[in-house]
Amino acid sequence: AERWEAVPLAPPDSIFKLTAAYKADTHPNKVNLGVGAYRDDDSKPWVLPVVKKATEILLNDPTVDHEYLPITGLPEYTAAAARLVFGKDSSVIKDERVASVQTISGTGANHLGALFLSKFYGWNEKRIYVSDPTWVNHHAIFPQVGIPVSTYPYYDPQTIGLAFPAFLETLKTAPARSVFLLHACAHNPTGVDPTREQWGQIADAMLEKGHFAFFDSAYQGFASGDLENDAWAVREFARRSVPLLVCQSFAKNAGLYGERVGALHIVAPSKEGAARIKSQLSVLARAEISNPPAHGARLVSLILNSDELFEDWKRDIKTMAGRIIAMRKELHRLLTEELKTPGNWDHIVNQIGMFSFTGIGPAQSQALVEKAHIYLTSNGRISMAGLNSHNIRYFATQLDKAVR
Ligand code: PMP
């Protein structure tokens, strides 16, 4: 018998499948709203001007070589990345209580965080609670290291908003010391975030039960255009001493998707505790990747550690977030004022980040794909970055048709 006969064929990744179908479509008005990456007004990938500038600096730096980085990554990168998320004046930074390790973008941070917890967390019951719905990969990453996934109520289809009372109830009834995955900002896939007041109540409930916050931060700055604003929840939880870790990605906010620049930051109660945690993260990273990739980390390190490049970056972040927010406003205006589309569309402008849950069902989503050549996932999620001044009217018109 053939050696691998028992290996079953896995289904293709659903987003990948959608992109392939979009590419194969020859219709002139086709629109791709599945893609989770920023596009400019001409539907093209955008290399941030600050990244071009930093690349130029690296190219002309005679000291740059291709040696290995340390196992835990480029130190000036991980340190600056930690300051970016927690704030340079945060007590966790000042007291050196953060164990930071460079990772293979946000996915690698989630994985390494999961692996570390699976080995070292003082579980009552080994399990992670993730929002319903969440980034689909969360459902794969945790079981991969033997952590079963449960969901907590998050999205309420009735209001196209947060199912806050049910969410709080789960926090209150879960076993003490449970681990809850929280999206730091710009929740994927819904675009629905808790308000600051609600974050406060979430922190209260977590402190009361001794829960652990597993923050996934994939969109700092990209969401609102303001790095400080998008880090608010993480900083508030750190300030209030909720036990936590943060998975950080520079894929979206620096447009470095393929460079795989990320970091895992675990906050400890003491400097000495952070050193022990970091020593174990180093052991885990050694077995998994030995050393992280250098190029992207060097770019981000240049940007974070130079006042001039940092200002450039903030401008580029505002360009991306600003275009997305403008698309939200225009889509809302087209639906409510011009087309008088039935229903309430305020969620389009109230949601934040790359994605919007339109509230349309699988049948309507499928109709958009098949009849209008508009590609979106069956849950009705659209990537706002796929909309632009050339296709937004077509999309609004087709959406209007689909819901009438
Ligand atoms: N977490 C969330 C919530 C995301 O949306 C993403 C990107 N889709 C990631 C993590 C990780 O992305 P990457 O590995 O490219 O940084």
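Residues numbered from 1 in each chain as written. Predicted model: local features only at pLDDT ≥ 70, side-chain atom pairs only at ≥ 80, totals over all residues.

1. Things to note about the site of the ligand
Stage number 1. Residues in contact with the ligand amount to 13 residues; listed here are only the nearest, Ser-105, Gly-106, Thr-107, Ser-249 and Ala-251.
Stage number 2. In the shell around the ligand, the residues fall into four nonpolar, eight polar and one charged. (Near = placed C-beta within 6 Å. Nonpolar A, V, L, I, M, F, W, Y, C, P; charged D, E, K, R; others polar.)

2. Side note on the environment of Gly-36
Stage number 1. Locating Gly-36 in the fold gives a position in the loop between β1 (31-32) and α2 (49-59).
Stage number 2. Accessibility expressed as a C-beta count within 10 Å gives 18 for Gly-36, which makes it partly exposed.
Stage number 3. Each C-alpha atom of the pair Gly-36 and Lys-271 lies 37 Å from the other, and the pair is 235 residues apart in sequence.
Stage number 4. Non-local contacts of Gly-36, meaning those with residues more than four positions away in its chain, are made with Met-354 and Ser-383. (Helix = DSSP H or I, 4+ residues; strand = E, 2+ residues; numbered from the N terminus. Buried ≥ 20, exposed ≤ 12 C-beta atoms within 10 Å, placed from the backbone. Contact = placed C-beta atoms within 7 Å.)

3. Overview of the UniProt feature "domain: Aminotransferase class I/classII large" (unreviewed entry) in the protein chain
Stage number 1. With numbering matched to this structure, UniProt assigns "domain: Aminotransferase class I/classII large" (unreviewed entry) to residues 29-398.
Stage number 2. Structurally, residues 29-398 is divided into 46% helix and 15% strand, and its ends, taken at the C-alpha atoms, are 11 Å apart. (UniProt positions renumbered as here; feature names shortened; annotations may be inferred.)

4. Here's the deal with the nonpolar core
Stage number 1. Grouped together as the largest cluster of nonpolar side chains are 119 residues, with contacts concentrated most on Phe-180, Ala-213, Phe-214, Phe-215, Val-234, Leu-244 and Leu-264.
Stage number 2. It is helix α13 (residues 307-338) that provides the largest number of residues to this core, a total of nine residues.
Stage number 3. Beyond its immediate chain neighbours, meaning those up to four positions away, Phe-180 contacts Tyr-129, Tyr-152, Leu-171, Met-206, His-211, Ala-213 and Phe-214. (Core = buried A, V, L, I, M, F, W, Y, C linked by C-beta atoms within 7 Å.)

5. Digging into the pairing of strand β10 (residues 261-267)
Stage number 1. Buried residues dominate β10, accounting for seven of its seven residues.
Stage number 2. Burial along β10 is two-sided: the residues Val-261, Ala-263, His-265 and Val-267 and Gly-262, Leu-264 and Ile-266 are all buried.
Stage number 3. With seven bridges connecting them, strand β2 (residues 98-104) and β10 associate as antiparallel partners. Note that in β10 the partner of Ser-100 across the bridge is His-265. (Pairing = 2+ DSSP bridges.)

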